[in-house]
Amino acid sequence: MDDDMLDDQRRLVELIEEEGWDVTDLEISAYDSPWSDEDDPEATVTITARKPYESDGEGGEDDENPFRFK
């Protein structure tokens, strides 16, 4: 794995965490692109993050929103 790829991954995590998200899972895949004739490797980064939001005081148990899981 290229050090530049890992540096970019770290920077992406920093940016997400700066916005108040907690990174819960992280995956990086390095590969040679099947769509390109170049020999330069590519990377895909998958980041899972969570961010709790405070309730605005509306809704709750009596909320009849049909899209809310009960």
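The structure we're discussing is the one just above.
How each quantity is defined
Residues numbered from 1 in each chain as written. Predicted model: local features only at pLDDT ≥ 70, side-chain atom pairs only at ≥ 80, totals over all residues. Heavy atoms only, no water. Helix = DSSP H or I, 4+ residues; strand = E, 2+ residues; numbered from the N terminus. Buried < 20%, exposed > 50% of the residue type's maximum accessible area, 1.4 Å probe, protein only. Contact = heavy atoms within 4.5 Å. Areas by Shrake-Rupley, 256 points an atom, 1.4 Å probe, with all protein chains shown as cover. Salt bridge = Lys/Arg side-chain N within 4 Å of Asp/Glu carboxyl O.

Q: What is the right way to read the overall build of the protein chain from this model?
A: Across its full length, the protein chain carries one helix and two strands. Counted from the first residue to the last, the protein chain has its helices and strands arranged as α-β-β. When the 70 residues of the protein chain are sorted by exposure, 9% land in the buried category. Long-range pairs, those at least 24 residues apart, make up 44% of the contacts in the protein chain with a sequence separation of at least 6. Per element, the accessible surface of the protein chain, about 6300 Å² overall, is 45% carbon and sulfur.

Q: I keep staring at the pattern of salt bridges and nothing clicks. Help me out?
A: A side chain with one charge can pair with a side chain of the opposite charge if their charged atoms come near. Taken as a whole and judged by the stated rule, the model has four salt bridges. Asp-7 serves as the salt-bridge partner of Arg-10, at 2.9 Å between the closest nitrogen and oxygen. Of this pair, Arg-10 and Asp-7 both sit in helix H1 (residues 3-18), three residues apart, roughly one helical turn. Of the residues examined, Arg-10 reaches a relative accessible area of 47% and is grouped as partly exposed. The exposure class of Asp-7 is partly exposed, given its relative accessible area of 41%. In this structure, Glu-14 engages Arg-11 in a salt bridge whose closest nitrogen and oxygen atoms are separated by 3.3 Å. Linking Glu-14 with Arg-11, this pair stays in helix H1, spanning three residues, or about one helical turn. On the basis of relative accessibility, which here comes to 41%, the residue Glu-14 falls in the partly exposed class. Note on Arg-11: relative accessible area 41%, which makes it partly exposed.

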